[in-house]
Number of protein chains: 2
Amino acid sequence: MQGVVRVALDAMGGDNAPGEIIKGAIDAISEHSEIEIVLVGQQEVIEEELAKYTYNKSQISIRNAQEVIEMAEHPVMAIRRKKDSSIVVGMNMVKNKEADAFVSAGSSGAILVGGQLIVGRIKGIDRAPLAPLIPTETGVSLLIDCGANVDARPGHLVQFAKMGSIYMEHVVGIKNPRVAIVNIGTEEEKGNALVKETYPRLKECKDINFIGSIEAREIPHGGADVIVCEAFVGNVILKLYEGVGATLVSTIKQGMMSTLRSKIGALLVKPALKKTLKKFDASDHGGAPLLGLNGLVVKTHGNSKALEVKNSIIQCVTFTEQDINKKIEECMKEIGNCSEQAESLADEAVRT
Amino acid sequence: MQGVVRVALDAMGGDNAPGEIIKGAIDAISEHSEIEIVLVGQQEVIEEELAKYTYNKSQISIRNAQEVIEMAEHPVMAIRRKKDSSIVVGMNMVKNKEADAFVSAGSSGAILVGGQLIVGRIKGIDRAPLAPLIPTETGVSLLIDCGANVDARPGHLVQFAKMGSIYMEHVVGIKNPRVAIVNIGTEEEKGNALVKETYPRLKECKDINFIGSIEAREIPHGGADVIVCEAFVGNVILKLYEGVGATLVSTIKQGMMSTLRSKIGALLVKPALKKTLKKFDASDHGGAPLLGLNGLVVKTHGNSKALEVKNSIIQCVTFTEQDINKKIEECMKEIGNCSEQAESLADEAVRT
């Protein structure tokens, strides 16, 4: 244990802000005495919400930020112009070491851009991937990268594999996590140009447990713990996962409500089914970290409720206590800079 | 109606060959008098299986082919060496106009390579995409391309969009089908380099109903009729669709069997649920056509049963009657050759 972990929490971001966000903060501090939360956002709104609770006042404070970045805003413009927004103020706290982590359910684009432009990357890291945990039959897997910077190069994917492996081992607690690259077949010679070039480089990495290619079909079965892919593919996987899941569950519900007989059956089945489907709910595991930054930034779902917010805050404690960024830095020193081209990611973000 | 349609059917391909394949053929001819089926494969095996049925003998004949291409074989090697395999013999029948179409549940790789090397592409077509129908909440969508030739260029995607649109309109019967490109956001400026370059070209196409980008999340909801993507992404979508679906259904079944109460409920729910989940079964719609070839090649699932085989055969009838290839040829003449580079696809297939 390393003493108190300070988490800056975006009180204004997401569909359920500020109510569920602040409830999540209250729940987190009532479970963990070693957390200090700084609620970032419009002071009067936050105070009004906080007044509903009785809590240990030494664990929660407010940092006023009057502006709010809306979902529809252009990320780069928003980050540049809204200096007094909860996202920019919260990120600056991480940059200035006033907070160990920043958690937000706000605009993904703004969080991705802000993470890179404001917090900045760890030396040697070329891209900061967004790495959500996705539910599987056997637990969860880390899908890395689902961010905004598409068209990655092999060196980036190698860094993703290493960072993802460190995260799964030390934050999620999976020993010697199995790392696989998303591919259209399991043979080494299969794949597109990017995968074919990346595969042998991953095979050479001594510090990860690379198990080869994974076909998309095997992802929900839990075929690997760390699933490495370029962000376009990762985004497709993440969103399709949600889409197929939601569609199937709603189709099944409709089916159950279609006859009197099935309605009675549905009543009987419901508790057991709810428990089983809970396995397929990733909110228990918190939000998606943006890895490789000088500090931790966690993006939670836009529709996060208190439970996911609380878990995202607790995730920051493990991340900080386990000193994940130091482990990433050391790992990068060992392998040297993987980048084939020292491009500025910030510039890239501006172009997108 | 254009008289008889001749379909060469691979009697040896797939997990359930020859039993289910031949049953599918018998079912098809008993429903349609205008079909002639040539069963391609080991004569003695086919004869033994056929002896189990009473059927109109003028509608079924046998073409002997003693070799069988196994799933694990290298596609290009197999196509080159096994000249007397059911796949090579069947494809040659299409090439020589002895058959209008070839249907196989055999090795996908061999079918993709054989289609291009033996049957050959329509003039002006740069790549022959594999285009399966995937089930959605509202019906089916055509996912184009899921084939083996990854790293497509914008011109290829434009051709996929046009061929897919023709197929959905004239074979599946969707009027003015909505065409969308798979993307990581809905705004025009979003995407990877390929999508950003392709988007404006699709927008310019007057002969398709281009509705813009589709996020993977919207695919299961039926957000578009023709879903255009590069083959690596298409393969990920197709396999993840199957994977998430299978995992969820098995998780739900497990949940239902977990308590006595839920077991009773499951019995009551079962018939309605089965009917609803049937909507999510694409086998009703036949197999995946390999579009843009000089003839029709249809790949059915490796685990196809008689129903899918029958529907794949009937699909060939509609394809031939609607003269889809003539429509594709005309469409290609109008737009000219989209390719930026007159590469030989056959060469490409050899390299993969």
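Residues numbered from 1 in each chain as written. Chains lettered and ligands numbered in written order. Predicted model: local features only at pLDDT ≥ 70, side-chain atom pairs only at ≥ 80, totals over all residues. Heavy atoms only, no water.

K.L.:
Even after reading the chapter, I still don't get the nonpolar core, so can you show me in this structure?
P.N.:
Ile37, Leu39 and Ile219 of chain A together with Ile37, Leu39 and Ile219 of chain B are the most contacted members of the largest nonpolar core, which totals 172 residues. Setting aside anything within four residues of it in sequence, one finds Ile37 of chain A in contact with Val7, Leu9, Ala25, Ala28, Ile29, Gln59, Ile60, Ser61 and Ile313 of chain A. (Core = buried A, V, L, I, M, F, W, Y, C linked by side-chain atoms within 4.5 Å. Buried < 20%, exposed > 50% of the residue type's maximum accessible area, 1.4 Å probe, protein only. Contact = heavy atoms within 4.5 Å.)

K.L.:
I tried to follow the interface of chain A and chain B on my own but got confused; where do I start?
P.N.:
One frequent convention defines the size of an interface as the accessible area lost when the parts assemble. Taken together, the contacts link 54 residues of chain A with 54 residues of chain B. Summing both sides of the interface, chain A and chain B together bury roughly 4900 Å²; the carbon and sulfur share of this comes to 74%. A per-residue breakdown of the area chain A buries against chain B is headed by Ile184, Phe232 and Leu240 of chain A, which together make up 14% of the total. Inspection of the region where chain A meets chain B yields four salt bridges. Between Arg217 of chain B and Glu242 of chain A there is a salt bridge, with the nearest N and O atoms lying 3.3 Å from each other. Where chain A meets chain B, there are 16 residue pairs in polar contact (both at pLDDT 80 or more). Counting residues per element, the ones that place at least two in the side of chain A that touches chain B are β7 (178-183), α7 (193-204), α8 (231-256) and α9 (260-278) of chain A. (Buried area = accessible area lost by both parts, 1.4 Å probe. Salt bridge = Lys/Arg side-chain N within 4 Å of Asp/Glu carboxyl O. Polar contact = N/O pair within 3.5 Å; in protein donor to acceptor, adjacent residues only side chain to side chain. Helix = DSSP H or I, 4+ residues; strand = E, 2+ residues; numbered from the N terminus.)

K.L.:
I keep staring at the relation of the copies chain A and chain B and nothing clicks. Help me out?
P.N.:
To go from the first copy of the chain to the second, apply a rotation about an axis and then a shift along the same axis. For the match of chain A to chain B, the screw axis carries a shift of 0.0 Å, the RMSD comes to 0.0 Å, and the turn is 180°. Between the two chains, the operation in question is that of a two-fold axis. Ranked by how close their C-alpha atoms come to the rotation axis, the residues of chain A are headed by Gly265 of chain A, at 1.8 Å. The fraction of interface residues of chain A whose copies in chain B are also interface residues reaches 100%, indicating that both copies meet through the same surface. (Least-squares fit on C-alpha atoms with pLDDT ≥ 70 in both.)

K.L.:
Explain the sheet that holds strand β6 (residues 140-144) of chain B here, please?
P.N.:
Backbone-to-backbone hydrogen bonds join strands into a sheet, with any given pair of strands oriented parallel or antiparallel. Residues and elements named next belong to chain B. Taken in spatial order, the five strands make up an open sheet running β5-β6-β9-β7-β8, and their pairing is mixed. What marks the edges here is a single partner per strand, and that holds for β5 (133-135) and β8 (209-215). For this sheet, the mean angle separating the axes of adjacent strands, direction not counted, is 35°. Here helix α6 (residues 154-172) sits on the sheet in contact with β5, β6, β7 (178-183) and β9 (226-228), set at roughly 150° to β6. (Pairing = 2+ DSSP bridges. Axes fitted to C-alpha atoms, helices over the stretch in contact; angles between N-to-C directions.)

K.L.:
Would you mind showing me how to read helix α1 (residues 19-31) of chain B here?
P.N.:
Since the α-helix packs 3.6 residues into each turn, any two residues three or four apart lie on the same face. Residue and element names in this part refer to chain B. The end-to-end C-alpha distance of α1 is 19 Å, a good match for the 18 Å that 13 residues give at a rise of 1.5 Å each. For α1, every residue scored as buried is listed here: Ile21, Ile22, Gly24, Ala25, Ile26, Ala28 and Ile29. Looking at the buried side of α1, the elements it contacts are β1 (5-10), β2 (35-41), α2 (43-50), β3 (60-64) and α10 (306-321). (Expected span 1.5 Å × (residues − 1).)

K.L.:
How do you make sense of empty space enclosed by the protein when you look at a structure like this?
P.N.:
All names here are of chain A. For the coordinates displayed, the defined rule picks out one cavity of 30 Å³ or more. Roughly 40 Å³ of internal volume is contained in the largest cavity. In this structure, the largest cavity is lined by 10 residues; those nearest its centre are Gln116, Ala128, Pro129, Asp145 and Asn149. For the lining of the largest cavity, a count of residues per class yields five nonpolar, three polar and two charged. (1 Å grid on protein atoms, 1.4 Å probe; cavity = no way out; pocket = protein on both sides within 12 Å on 5 of 7 lines; lining within 4 Å. Points joined across faces, edges and corners; volume = space filled by probe spheres on them. Nonpolar A, V, L, I, M, F, W, Y, C, P; charged D, E, K, R; others polar.)

K.L.:
I'm lost on a negative patch on the surface in this one. Help?
P.N.:
A cluster of acidic residues, Asp323, Glu329, Glu330 and Glu334 of chain A, forms a negative patch at the surface. Examined against the element boundaries, Glu330 of chain A turns out to sit in helix α11 (residues 324-335). (Patch = residues over 30% accessible without salt bridge, like charges linked within 9 Å, V, L, I, M, F, W, Y side chains within 5 Å. Areas by Shrake-Rupley, 256 points an atom, 1.4 Å probe, with all protein chains shown as cover. Lys, Arg positive; Asp, Glu negative; His and termini not counted. Charge placed at Lys NZ, Arg CZ, Asp CG, Glu CD.)

K.L.:
Looking at this model, I keep getting lost on the pattern of salt bridges. Mind explaining?
P.N.:
Side-chain pairing between opposite charges can occur once the charged atoms of the two side chains come close. Residues and elements named next belong to chain B. Evaluated as defined, the whole model comprises 20 salt bridges over all chains. Between Glu31 and Lys310 there is a salt bridge whose closest N-O contact spans 2.7 Å. Of this pair, Glu31 sits in helix α1 while Lys310 sits in helix α10, and the two are 279 residues apart along the sequence. Assessed through its relative accessible area of 48%, Glu31 is described here as partly exposed. Its relative accessible area of 11% is what places Lys310 among the buried residues. Among the ionic pairs, Glu73 bridges to Lys82, the shortest N-O distance being 2.7 Å.

K.L.:
I'm lost on helix α4 (residues 86-95) of chain A in this one. Help?
P.N.:
All names here are of chain A. The element α4 is largely enclosed, with a buried count of eight among its 10 residues. Buried residues of α4: Ser86, Ile87, Val88, Val89, Gly90, Met91, Met93 and Val94, and no others. Lys97 sits one or two positions beyond α4 and adopts a positive phi of about 60°.

K.L.:
Teacher, can you tell me more about the pairing of strand β1 (residues 5-10) of chain A here?
P.N.:
For a regular strand, the rule is simple: side chains alternate between the two faces of the sheet. All names here are of chain A. Taken across its six residues, β1 has five buried, putting it largely inside the fold. Judged from the six bridges that link them, β1 and strand β2 (residues 35-41) form a sheet pairing that is parallel. Directly across from Arg6, in β2, lies its bridge partner Glu36. One crossover worth recording links β1 to the parallel β2 by way of helix α1 (residues 19-31), and it is right-handed. Across three bridges, β1 lies against strand β4 (residues 101-104) in parallel orientation. Each residue of the ladder has a partner; that of Leu9, found in β4, is Val103. (Right-handed = clockwise from strand over helix to strand, strands pointing away.)

K.L.:
Hey, could you run me through the side chain of Asn325 of chain B in this one?
P.N.:
Residues and elements named next belong to chain B. Relative to the helices and strands, Asn325 is located in helix α11 (residues 324-335). Given the relative accessible area of 13%, Asn325 is considered buried. Among all residues touching Asn325, those that are not within four sequence positions of it are Ile122, Leu293, Asn294, Gly295 and Phe319.

K.L.:
I would appreciate a short explanation of the side chain of Ser85 of chain A in the present structure.
P.N.:
Residue and element names in this part refer to chain A. The topology assignment puts Ser85 in the loop between α3 (75-81) and α4. Within the structure, the side chain of Ser85 is placed 3.3 Å from the backbone nitrogen of Val88, a separation counted as a polar contact. Discounting chain neighbours no more than four positions away, the residues touching Ser85 are Ala65, Glu67, Val68 and Ile69.

K.L.:
What should I look at first to understand the environment of Val38 of chain A in this one?
P.N.:
Residue and element names in this part refer to chain A. Relative to the assigned elements, Val38 resides in strand β2. Overall, the relative accessible area of 2% leaves Val38 in the buried class. As for Val38 and Glu169, which are separated by 131 residues in sequence, their C-alpha atoms are 28 Å apart.

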